[in-house]
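# Structure assessment
Listed here are the chains, written in short residue letters.
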Amino acid sequence: MNTIHYRLDTPVQTLVLRIRNQGMAEAIYWGSNLPEDEDLGMLSSAHDIDLGGGMLDATVPLSICPEASAPFPGQAGLSLSGEAGVLQPTFRFESADDNDGLTLRFSDETLGLAYSAHFKTVGDVIVASSEVRSQTPVCCHWLAAPVLPGAQSSEKITDWHGTWLREFHRQETPWSHGIRMREARTGRSGHEHPPMAMIPLRGATRTAGEVHALQLAWSGGHRFVAEQLPDGRRQLQMGRAWDADGRGTRFSSSDLVMAVSTEGEAGIARSFQRYIRDQVVVWPDPARSRPVHYNCWEAIYFDHSLEGLSEIAERAARLGAERFVLDDGWFGKRDDDTSSLGDWTIDRRKWPDGLTPLIDKVHGEGMSFGLWVEPEMVNLDSDLYRSHPDWLLGPKDQLTGRFQHLLDLSRPEVRDYLFDVLDAILRAHDIDYLKWDHNRLLPLVDAAQTDGVYALLDRLRAAHPTVEIESCASGGGRIDIGILARTHRVWLSDSNDAIERLRMQHEAALLLPPAVTGSHVGPRKSHSSGRILPMSFRAWVAAQRHMGFEMDPRELDEEESEILTRVTRWWKQTRDWRMAGDTIPLDSDDEAVISELQIAADGSRFVVFAGRHASAAQSLPLAQKLAALDPNARYRLHLVNPEDRPPQSRGHVALVTGDVTMSGAALMTHGINLPLSWPATMWVVEGERIA
């Protein structure tokens, strides 16, 4: 064998691999689709370079697992050690099959190691992973998923950072010589370094140009490397971070989900949203509409009573809620966050007759019932810790977070205990939803902890397939494809400040479909920022995603109740087609406006959200250009909320006086004129294809 080429195509992207001279496979092209008749052998050429030690053959492509044993001047894709120290394998090609996607197998017989790379096309994305097996136990310090070439015409790397209450902040780093590395060592996918990145090619925008993107389907520690080598080559690596003391014989990178768009970031959003919604999330009842949520946390915190919560349930139902979630404080002796985690028994001081009276009340109001849990955690002040102090993950004298420690979920007996108590709660009560929280970081990077969480969730889901689960981790601390394969909703942030939410939701839409993204109407005065924002703005921001309420409905005045009820009614009328469609981020010429378009799967209708978060730099509103429409079609436009115009909005705007009909071409090249708006105003425009 001299050279074998493998090609994977989706409707949008192409990945070309080559195996030459029995060596490791090379990724020689990743990007927008190549013509079918392209000569793959001409995509790159070999040439000689002098590294000071003689001439050797080099190529523009990159090995899908760069080896430390090779004369390669960059980051290796695999790091192992054994009893005798560092291992430096040299893998040779063995076989390939395409039974379920493409699997390439390599081995190093001397070291007793086997490496495999797997590639599979799913809709518009390619899913890749790598695995290493050893005949004897070894330590795996790093294993990248198959390594990809970085586009030479890209000028920057886009990724996200964040903290509690401030998730999904974009940052852009110019390509430069050397490594751009991000490593999450908090034990979860994290607010700080979510496992995702985009590589925009020169000139790409929200809605135009070519963009490459990666997401890792893993909820634990991970690493991302973007490296520009001295010879000009670029490589992209992403994979899980292994704990250095964990010896084993089998290690996986987890799935790397790869997307390419020729329509800017909008195409990335479309590909990832569809993949997660239609391929990753396992819906208990796919035909069920996403129910309007009510969560009682910011209404009462730990102050539980049947009387107070029954009144809240009545008012939430009148506003349009369809699911009622009882949050923290119902178990053990849980009066604050210092005790009782791990003691998953009902607090009879607060609930002398158990939870059944509240559940019956909630059902009587036409809502289903959900419950908050935080199974992975334990307080030192708990019966569980007093009985099993050896179940802690890490030492007892570690720094705590929110006064709590983690249970070691790598231990089967710990998982058995947690399954038994959760199973008992679900069997004893009519509960259709669990809000699964995770409120502190791990004391060490430990892949076995995440594997243990996955095993517990998988077992619980198998026993209770109709129960939906939300992934919450101090808000957005565990949002990734790995956890979404086992849950149905994520809590984007503990911040219910609608201005913060507007920005977060816009960024997160590049990765997450609205159907899984929880968004709640918070209290009049935000508990996370102190800001007081209009009810209309708070309600419309929540209506962009899976809508819910999280305030004390008893605080609402008549006008606020009317606005929230009206927006909730609109959400219910439009939710099915919007949750099944695409959410497209839009470019805005006004930096103080964040806009998106939600379009039905068949393109027959859409809605535009244009949210102003700050004062405008100009005296008149700028036209909002749309995207993803048929340029030859005609659309009728309707402004849903003209009543939100401020007194200064006196100019003639056609949408204020009636519906407007425009072509798709005009909407995408000129845009729509919207009324003047104050900060904390959201314009909502519906569009319907009429010809």
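If you're wondering where the values come from, they're calculated on a predicted model, not measured in any experiment.

Conventions used here
Residues numbered from 1 in each chain as written. Predicted model: local features only at pLDDT ≥ 70, side-chain atom pairs only at ≥ 80, totals over all residues. Heavy atoms only, no water. Salt bridge = Lys/Arg side-chain N within 4 Å of Asp/Glu carboxyl O. Helix = DSSP H or I, 4+ residues; strand = E, 2+ residues; numbered from the N terminus. Buried < 20%, exposed > 50% of the residue type's maximum accessible area, 1.4 Å probe, protein only. Expected span 1.5 Å × (residues − 1). Axes fitted to C-alpha atoms, helices over the stretch in contact; angles between N-to-C directions. Parallel < 35°, antiparallel > 145°, perpendicular 65-115°, else oblique. Left-handed = near helix turned anticlockwise from the far one by under 90°. Contact = heavy atoms within 4.5 Å. Nonpolar A, V, L, I, M, F, W, Y, C, P; charged D, E, K, R; others polar. Pairing = 2+ DSSP bridges. Core = buried A, V, L, I, M, F, W, Y, C linked by side-chain atoms within 4.5 Å.

## Observations concerning the pattern of salt bridges
On inspection of all chains with the given rule, the structure shows 62 salt bridges. Residues aspartate 159 and arginine 182 are paired through a salt bridge, measuring 3.6 Å at the closest nitrogen-oxygen approach. Of this pair, aspartate 159 sits in strand E14 (residues 156–163) while arginine 182 sits in strand E16 (residues 178–184), and the two are 23 residues apart along the sequence. In this structure aspartate 159 comes out as buried when scored by relative accessible area, which is 0%. For arginine 182, a relative accessible area of 8% puts it in the buried group. The salt bridge partner of lysine 572 is glutamate 322, with a shortest N-O separation of 3.9 Å. Taken as a pair, lysine 572 in helix H11 (residues 558–579) and glutamate 322 in the loop between helix H3 (306–319) and strand E24 (323–326) lie far apart in primary sequence, 250 residues in all. Several salt bridges converge on common partners, so that one network encompasses Lys156, Arg170, Glu172, Arg206, Glu265 and Glu507.

## Observations regarding helix H1 (residues 265–280)
Relative to the 22 Å expected for 16 residues at 1.5 Å per residue, H1 spans 21 Å between its end C-alpha atoms, a close match to the ideal helical length. Counting buried positions over the 16 residues of H1 gives 13, a clear majority of the element.

## Remarks on the packing of helix H6 (residues 412–428) against helix H7 (residues 447–463)
Here H6 crosses H7 at 30°, and the two axes come no closer than 10 Å. Taken together, H6 and H7 sit at an angle that is classed as roughly parallel. Like other packed secondary-structure pairs, H6 and H7 cross with a definite hand, here right-handed. Across the interface between the two elements, Arg415, Asp416, Leu418, Phe419, Leu422, Asp423, Leu426 and Arg427 of H6 pack against Gly452, Ala455, Leu456, Arg459, Leu460 and Ala463 of H7. Classifying every residue of the contact of H6 with H7 by side-chain character gives eight nonpolar, one polar and five charged.

## A look at the sheet that holds strand E25 (residues 368–373)
The parallel closed barrel is built from eight strands, whose spatial order is E23-E24-E25-E28-E29-E30-E31-E32. On average, each strand axis in the sheet is tilted by 30° relative to the strand beside it, whichever way the strands run. Here strand E29 (residues 468–471) pairs with strand E30 (residues 489–491) via two bridges, running parallel. Across the sheet, the residue bridging to glutamate 470 is arginine 489, located in E30. Together, strand E31 (517–521) and strand E32 (546–549) form the strand contacts of H11, whose direction differs from that of E32 by roughly 155°.

## Section: the nonpolar core
Within the largest apolar cluster, 167 residues are counted, with the highest numbers of intra-cluster contacts made by Phe324 and Trp330. No other element matches the eight residues that strand E12 (residues 125–143) contributes to this core. Setting aside its immediate chain neighbours within four residues, tryptophan 330 contacts His304, Trp344, Thr345, Ile346, Asp347, Trp351, Leu355, Leu371, Trp372, Val373 and Ile425. In terms of nonpolar packing, the next biggest core, distinct from the first, is built from 25 residues, Tyr635, Leu639, Val660 and Leu667 among them.

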